[in-house]
Amino acid sequence: MQAVPHDVLPPDPFADDPNDPAKEIAALDEPAGEPISSDERSELLADLSDLAVYQALLEPRGVRGIVVDCGECDQPHYHDWHLLRASLEQLLADGHMRPHEPAYDPNPADYVSWDYCRGFADGVTATESAY
């Protein structure tokens, strides 16, 4: 008996078939977006750096992440720290963000705005600088 290599696949039953159902799946892939500019890249890197600071300061105080008011649906979107970081890193790498599952039944009291984070970090910095 002869062994069959693991990398050998059966033939594609839809090869050269114009009605190949897999073509519809490929059509769902988003086209590559425009590459981000160097200014946008710098802003994203600064946002990622700020996000790390905000998480370090606020997560021990029970803050789960950041809330963002969506301009498209006029609803608040709640992003846990890791989800927002992953989204920003994906934007940096791919030039766009894929859709993601929203937080399930978030408690709005557990999330703060980006402006709140910035103000909190500024307050901590000012207090530490005073001593």
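Since this is a predicted model, take the numbers as computed values, not measurements.

What counts, and where the lines are drawn
- Residues numbered from 1 in each chain as written.
- Predicted model: local features only at pLDDT ≥ 70, side-chain atom pairs only at ≥ 80, totals over all residues.
- Heavy atoms only, no water.
- Core = buried A, V, L, I, M, F, W, Y, C linked by side-chain atoms within 4.5 Å.
- Buried < 20%, exposed > 50% of the residue type's maximum accessible area, 1.4 Å probe, protein only.
- Helix = DSSP H or I, 4+ residues; strand = E, 2+ residues; numbered from the N terminus.
- Contact = heavy atoms within 4.5 Å.
- Axes fitted to C-alpha atoms, helices over the stretch in contact; angles between N-to-C directions.
- Parallel < 35°, antiparallel > 145°, perpendicular 65-115°, else oblique.
- Nonpolar A, V, L, I, M, F, W, Y, C, P; charged D, E, K, R; others polar.
- Pairing = 2+ DSSP bridges.
- Salt bridge = Lys/Arg side-chain N within 4 Å of Asp/Glu carboxyl O.

Asker: Looking at this structure, I do not really get the nonpolar core. What am I missing?
Answerer: As a rule of thumb, soluble globular proteins bury nonpolar side chains together. One finds Leu51, Leu58, Ile66, Trp81, Leu88 and Cys117 to be the most contacted residues of the largest nonpolar core, which totals 14 residues. Elements with a minimum of two residues in this core: helix H2 (38-58), helix H3 (81-94) and helix H4 (114-130). Ranked by residues supplied to this core, first place goes to H2 with five residues. Ignoring any residue separated from it by four or fewer positions in sequence, one finds leucine 51 in contact with Ile66, Trp81, Leu84, Arg85, Leu88 and Trp114.

Asker: Looking at this structure, I do not really get the packing of H2 against H4. What am I missing?
Answerer: Axis angle and axis distance: for two packed helices, these are the angle between their axes and the distance between the axes, and together they describe the pair. As a packed pair, H2 and H4 sit with axes 10 Å apart at the nearest point and diverge in direction by 70°. Our classification of the angle between H2 and H4 gives roughly perpendicular. Note on element contacts: H4 touches H2 through Trp114, Tyr116, Cys117, Arg118, Phe120, Ala121 and Val124, opposite Asp47, Asp50, Leu51, Tyr54, Leu57 and Leu58. For the contact of H2 with H4, the residue count by class is ten nonpolar, no polar and three charged.

Asker: Looking at this structure, how should I read the pairing of strand S2 (residues 76-80)?
Answerer: For a regular strand, side-chain orientation follows a simple rule: the groups alternate between the two sheet faces. Inspection of the sheet shows strand S1 (residues 65-69) paired to S2 by five bridges, in the antiparallel sense. The residue bridging valine 67 from the neighbouring strand is tyrosine 78, located in S2. Taken together, S1 and the strand that follows it, S2, pair antiparallel across an intervening segment of six residues, in which aspartate 74 is found at a positive phi of about 55°.

Asker: Help me out: how do you make sense of the pattern of salt bridges in this one?
Answerer: Using the criterion set out here, one finds two salt bridges in the structure. The partner of aspartate 80 in a salt bridge is arginine 64, with the nearest N and O atoms 3.2 Å apart. Residue aspartate 80 is located in strand S2, and its partner arginine 64 is located in the loop between H2 and S1; the two are separated by 16 residues in the primary sequence.

Coordinates in, geometry out; function isn't part of it.
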